[in-house]
Amino acid sequence: MDASAAAVLAGLVGLLVGALAVFAFRISETERLGLASLPEPELPPGVGEVLSVLRSAAVVLDTADGVVKASPAAYAFGLVRGHDIVHAELREMAAEARRFGLVRERELELARGPLGRARLVVHARVAPLGPEHVLVLVEDRTEARRVEEIRRDFVANVSHELKTPIGALHLLAEAVHDASDDPDAVQHFSERMQRESMRLSTLVQEIIDLSRLQVADATHPPEPCDVDEIIADAVDRCRLAAQAKRIEVVTGGDDGGVVFGDDNLLVTAVRNLIDNAIAYSPEMTRVGVAVRRVDGLVEVAVSDQGIGIPPAEQARIFERFYRVDPARSRATGGTGLGLSIVKHVAANHGGEVTVWSVEGEGSTFTLRLPDAVAQGEPPADTYVATDPSHVTTARPDHDGAHAEPRGAAL
């Protein structure tokens, strides 16, 4: 074969290969266009519009559990990934609804994501949607479950705390009855009954105060409150307890502070801090109450020279009924609610309460509230009653209201 014939043959082969390539491309393009032109699975009329306005996460599945349509909330909750529904529990409910043609409802705990142990508590409702589809509705109840657990724990704690003084009063009443012929014993037991009844009265009042603080509509409209008068009133209410232990309560710092809020609640908060400082301080020591106005805040710091709080306990001392030393709390008449009330008062006034403490040296609790003079008018979000996390642990500064127990506050 000469060179010219070889060249012609090579050209024919190249032309044939090119033609085959063009033919294959045309076939591929035709298939692609054919697939693109296939209609999307049709949903019953109005379903798309309804899903777009539902607050619950909504997913429509086909007969193979493929996702036909899903609301943004379904993706936000991690229920849908791509065209698949993530959780096997929901797929199982969908299969049951499809098989029996009935609505299925269940409360589930689903993994919040592919990693970690976080759980999502949901109420799932699955229903047939025509002959080919299943509708999955998922309502997030994680926060409702948490609130319910808090309420249940609170009721259990209240029941336990009330049983102690009531039981003590019952036993003391029996002792008085049995010792009716012994005047000294009657006097001793009657004094014990008086202490227990006072403790019971204090506990009930603090439970009422705390419940009132946790109801959004229970607080009064904010009014200007003179911080100097609040401190003077709180110190006066603690005077007898301080005199009984020969503890000197010293006040000082910046004058003229004003905050917006409820005067009675603020007095209660400061009084609780002073009461705690007195209760956990040795005799013949000092409790300091100092005020500082800084950075648009009024800071009221209550410092003592008491036993201090271990670092591991400082994060929990604002929990309801939590007491670092239960035996000492019973001896001092503590209920474990005082600091929780302070925390809620601070939060309802747009502020916070912080603690600094060293074992054997003392503690400083600082109530920080927005300065009304700096604001000029009441804040719009005052008295948002929540269960806040406005509690921090911080070492106080060495000037003014954050003074250490043996610093300027004393």
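Residues numbered from 1 in each chain as written. Predicted model: local features only at pLDDT ≥ 70, side-chain atom pairs only at ≥ 80, totals over all residues. Heavy atoms only, no water.

### Some remarks on the nonpolar core
Turning to step 1, where the next piece is worked out: Ile274, Phe365 and Leu367 are the most contacted members of the largest nonpolar core, which totals 38 residues.
Turning to step 2, where the next piece is worked out: Going through the elements one at a time, helix 7 (227–237), helix 9 (263–279), strand 11 (286–294), strand 12 (297–304), helix 12 (338–348), strand 13 (352–358) and strand 14 (362–370) are the ones with two or more residues in this core.
Turning to step 3, where the next piece is worked out: Counting residues per element, this core draws most heavily on helix 9, at nine residues.
Turning to step 4, where the next piece is worked out: Among all residues touching isoleucine 274, those that are not within four sequence positions of it are Ala234, Val235, Cys238, Val289 and Val302. (Core = buried A, V, L, I, M, F, W, Y, C linked by side-chain atoms within 4.5 Å. Buried < 20%, exposed > 50% of the residue type's maximum accessible area, 1.4 Å probe, protein only. Helix = DSSP H or I, 4+ residues; strand = E, 2+ residues; numbered from the N terminus. Contact = heavy atoms within 4.5 Å.)

### A closer look at the pairing of strand 6 (residues 119–129)
Turning to step 1, where the next piece is worked out: Of all 11 residues that make up strand 6, eight are buried, and the element is covered over most of its length.
Turning to step 2, where the next piece is worked out: Across eight bridges, the pairing between strand 5 (residues 104–111) and strand 6 is antiparallel. Among the inter-strand pairings, leucine 110 is bridged to a residue of strand 6, identified as leucine 120.
Turning to step 3, where the next piece is worked out: As judged from the eight bridges shared by strand 6 and strand 7 (residues 133–140), these two strands associate in the antiparallel manner. What sits directly across from histidine 123, in strand 7, is glutamate 139.
Turning to step 4, where the next piece is worked out: The turn linking strand 6 back onto strand 7 is made up of three residues, and glycine 130 within it adopts a positive phi angle of 80°. (Pairing = 2+ DSSP bridges.)

### Comments concerning empty space enclosed by the protein
Turning to step 1, where the next piece is worked out: Applying the stated rule across the entire model yields four cavities of 30 Å³ or more.
Turning to step 2, where the next piece is worked out: For the largest cavity, the calculated volume is near 70 Å³.
Turning to step 3, where the next piece is worked out: For the largest cavity, the full set of lining residues is Val227, Ile230, Ile231, Val259, Leu266, Val270, Val298, Val300, Leu367 and Leu369.
Turning to step 4, where the next piece is worked out: Of all elements in the fold, only helix 7, helix 9, strand 12 and strand 14 reach the threshold of two or more residues within the lining of the largest cavity.
Turning to step 5, where the next piece is worked out: Ranked by the residues each element gives to the lining of the largest cavity, the list is headed by helix 7, at three residues.
Turning to step 6, where the next piece is worked out: Of the residues contributing to the lining of the largest cavity, the split by class is 10 nonpolar, no polar and no charged. (1 Å grid on protein atoms, 1.4 Å probe; cavity = no way out; pocket = protein on both sides within 12 Å on 5 of 7 lines; lining within 4 Å. Points joined across faces, edges and corners; volume = space filled by probe spheres on them. Nonpolar A, V, L, I, M, F, W, Y, C, P; charged D, E, K, R; others polar.)

### Remarks on the packing of helix 9 against helix 12
Turning to step 1, where the next piece is worked out: Direction vectors running N to C along helix 9 and helix 12 enclose 145°, while the axes themselves pass 9 Å from each other. As for the relative orientation of helix 9 and helix 12, their crossing is left-handed in sense. Packed against helix 9, whose contacting residues are Leu265, Leu266, Thr268, Ala269, Asn272, Leu273 and Asn276, the element helix 12 presents Gly338, Leu339, Ile341, Val342 and Val345 at the interface.
Turning to step 2, where the next piece is worked out: A per-class count over the contact of helix 9 with helix 12 returns eight nonpolar, four polar and no charged. (Axes fitted to C-alpha atoms, helices over the stretch in contact; angles between N-to-C directions. Left-handed = near helix turned anticlockwise from the far one by under 90°.)

### Examining the confidence of the model for the protein chain
Turning to step 1, where the next piece is worked out: In the predicted model, the protein chain carries a mean pLDDT of 75, and 65% of its residues have values of at least 70.
Turning to step 2, where the next piece is worked out: In the model of the protein chain, strand 15 (residues 391–393) stands out as the element of lowest mean pLDDT, 41, in contrast to strand 12, which has the highest, 93.
Turning to step 3, where the next piece is worked out: Residue range residues 378–410 is modelled with pLDDT below 50. Its contacts to residues more than four positions away, or to other chains, number 98 contacts. (pLDDT = per-residue confidence, 0-100.)

### Looking at helix 9
Turning to step 1, where the next piece is worked out: The end-to-end C-alpha separation of helix 9 is 24 Å, in line with the 24 Å expected for 17 residues at 1.5 Å each.
Turning to step 2, where the next piece is worked out: Across the 17 residues that make up helix 9, a large majority, 12, are buried.
Turning to step 3, where the next piece is worked out: Where helix 9 is concerned, the buried positions are Leu265, Leu266, Val267, Thr268, Ala269, Val270, Asn272, Leu273, Ile274, Ala277, Ile278 and Ala279.
Turning to step 4, where the next piece is worked out: N-capping of helix 9 is provided by aspartate 262, with a side-chain oxygen placed 2.9 Å from the backbone N of asparagine 264. (Expected span 1.5 Å × (residues − 1). Polar contact = N/O pair within 3.5 Å; in protein donor to acceptor, adjacent residues only side chain to side chain.)

### Here's the deal with the sheet that holds strand 6
Hydrogen bonding along the main chain pairs the strands of a sheet, whether they run parallel or antiparallel.
Turning to step 1, where the next piece is worked out: In space, the five strands of this open sheet follow the order 2-1-7-6-5, with antiparallel pairing throughout. In the strand order of this sheet, the two ends are held by strand 2 (67–70) and strand 5, each with one partner. Averaged over all pairs of adjacent strands, the angle between strand axes in this sheet comes to 25°, irrespective of strand direction.
Turning to step 2, where the next piece is worked out: Alignment of strand 1 (residues 57–61) against strand 2, held across three bridges, turns out to be antiparallel. Paired with valine 60 across the strands is lysine 69, a residue of strand 2.

### Brief notes about unusual backbone geometry
Turning to step 1, where the next piece is worked out: A positive phi angle, near 65°, is found at aspartate 65, a position not held by glycine.
Turning to step 2, where the next piece is worked out: On the secondary structure map, aspartate 65 appears in the loop between strand 1 and strand 2.
Turning to step 3, where the next piece is worked out: The buried category is assigned to aspartate 65, whose relative accessible area is 18%.
Turning to step 4, where the next piece is worked out: One non-glycine residue, aspartate 295, lies in the positive phi region at around 55°.

### Some remarks on the packing of helix 7 against helix 9
Turning to step 1, where the next piece is worked out: Orientation of helix 7 relative to helix 9, taken along the N-to-C sense of each, is 50°, at an axis distance of 8 Å. Compared by their axis directions, helix 7 and helix 9 come out oblique. Handedness of the crossing formed by helix 7 with helix 9: right-handed. Residues Ile230, Asp233, Ala234, Val235 and Arg237 of helix 7 lie in contact with helix 9, whose contacting residues are Asp263, Leu266, Val267, Val270, Arg271 and Ile274.
Turning to step 2, where the next piece is worked out: Among the residues making up the contact of helix 7 with helix 9, the classes are represented as seven nonpolar, no polar and four charged. (Parallel < 35°, antiparallel > 145°, perpendicular 65-115°, else oblique.)

### Quick look at the pattern of salt bridges
Turning to step 1, where the next piece is worked out: This structure, assessed with the given rule, holds 17 salt bridges.
Turning to step 2, where the next piece is worked out: For glutamate 96, the salt bridge goes to arginine 106, with nearest N and O atoms at 3.1 Å. Linking glutamate 96 in helix 4 (residues 88–100) with arginine 106 in strand 5, this pair joins segments that are 10 residues apart in sequence.
Turning to step 3, where the next piece is worked out: A residue is classified by how much of its surface remains accessible, and glutamate 96, at 16% relative accessible area, is buried.
Turning to step 4, where the next piece is worked out: Aspartate 233 is the salt-bridge partner of arginine 237, the closest N and O atoms lying 3.2 Å from each other. You can see arginine 237 and its partner aspartate 233 sitting in helix 7, four residues apart, about one turn around the helix.
Turning to step 5, where the next piece is worked out: Of the residues examined, arginine 237 reaches a relative accessible area of 45% and is grouped as partly exposed.
Turning to step 6, where the next piece is worked out: When salt bridges that share partners are traced, they join Glu107, Glu109, Glu139, Arg141 and Arg145 into one network. (Salt bridge = Lys/Arg side-chain N within 4 Å of Asp/Glu carboxyl O.)

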